[in-house]
Amino acid sequence: MATIAARQAALALARISSSRPSAQAGSLIHRRGLASAADHHGPPKVNLWQDPMSPSKWKEEHFVIVSLSGWGLLFFGVYKFFTRGKGKKEEKLVEAAH
């Protein structure tokens, strides 16, 4: 009787241990769902310097660089426009005080 119980326990243990690796293997399978780097739909993308007047044809990274540079120049220009007279007035006051 003890041998029957031991055999049943061993079979149950074997079933549990054999089912785990298959479940673990399923979770370890690497899936690259949307990891493709190229967009194969539509017309081919070109470099910025090959067609500078058509932003819709540019590569995405070139469009991002140009857009961020443009926004940076806009903010810097606005900053310089609103702060351009403040530094000169302080210099004139310092010179007049001496």
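See the structure shown above.
Residues numbered from 1 in each chain as written. Predicted model: local features only at pLDDT ≥ 70, side-chain atom pairs only at ≥ 80, totals over all residues. Heavy atoms only, no water.

Student: Explain the overall build of the protein to me, please; I cannot follow it from the model alone.
Tutor: Scanning the protein from N- to C-terminus turns up three helices and zero strands. Within the protein, the proportion of its 98 residues that are buried is 4%. For the protein, the exposed surface amounts to about 9,400 Å²; the carbon and sulfur share of it is 65%. (Helix = DSSP H or I, 4+ residues; strand = E, 2+ residues; numbered from the N terminus. Buried < 20%, exposed > 50% of the residue type's maximum accessible area, 1.4 Å probe, protein only. Areas by Shrake-Rupley, 256 points an atom, 1.4 Å probe, with all protein chains shown as cover.)

Student: So what exactly am I meant to see when it comes to the pattern of salt bridges here?
Tutor: Here the idea is simple: oppositely charged side chains can pair when their charged atoms come close. Scanning the entire structure with this criterion turns up one salt bridge. Taking the shortest distance from any N to any O, the salt bridge between Asp 51 and Lys 57 comes out at 3.7 Å. (Salt bridge = Lys/Arg side-chain N within 4 Å of Asp/Glu carboxyl O.)

Student: Explain the packing of aromatic side chains here, please?
Tutor: How two aromatic rings sit relative to each other is set out by the distance from centre to centre and by the angle between their planes. Under the criterion given, the structure shown has three aromatic pairs. On the numbers, 6.3 Å between centres and 55° between planes, the contact of Trp 58 with Phe 63 is tilted. Residue Trp 58 is classed as buried on the basis of its relative accessible area of 8%. (Phe/Tyr/Trp six-rings, centres within 6.5 Å; stacked < 30°, edge-to-face > 60°.)

Student: Could you clarify how one ought to interpret the side chain of His 62 in this entry?
Tutor: Looking at where His 62 falls in the secondary structure, it is placed in helix 2 (residues 60-83). When sequence neighbours within four positions are dropped, the list of residues in contact with His 62 reads Val 46, Asn 47, Leu 48 and Trp 49. (Contact = heavy atoms within 4.5 Å.)

Student: Explanation requested: the environment of Leu 48 in the structure shown.
Tutor: When you line up the elements, Leu 48 lands in the loop between helix 1 (2-28) and helix 2. Spatially, the C-alpha atom of Leu 48 lies 5.6 Å from that of Trp 58, the residues being 10 residues apart in sequence. In this structure, Leu 48 is in contact with Trp 58, His 62 and Val 66, ignoring residues within four places of it in sequence.

Student: Explain a nonpolar patch on the surface here, please?
Tutor: The grouping of Trp 71, Leu 74, Phe 75, Val 78, Phe 81 and Phe 82 at the surface amounts to a nonpolar patch, some 700 Å² of accessible area in total. Along the chain, the position of Phe 82 falls in helix 2. (Patch = residues over 30% accessible without salt bridge, like charges linked within 9 Å, V, L, I, M, F, W, Y side chains within 5 Å.)

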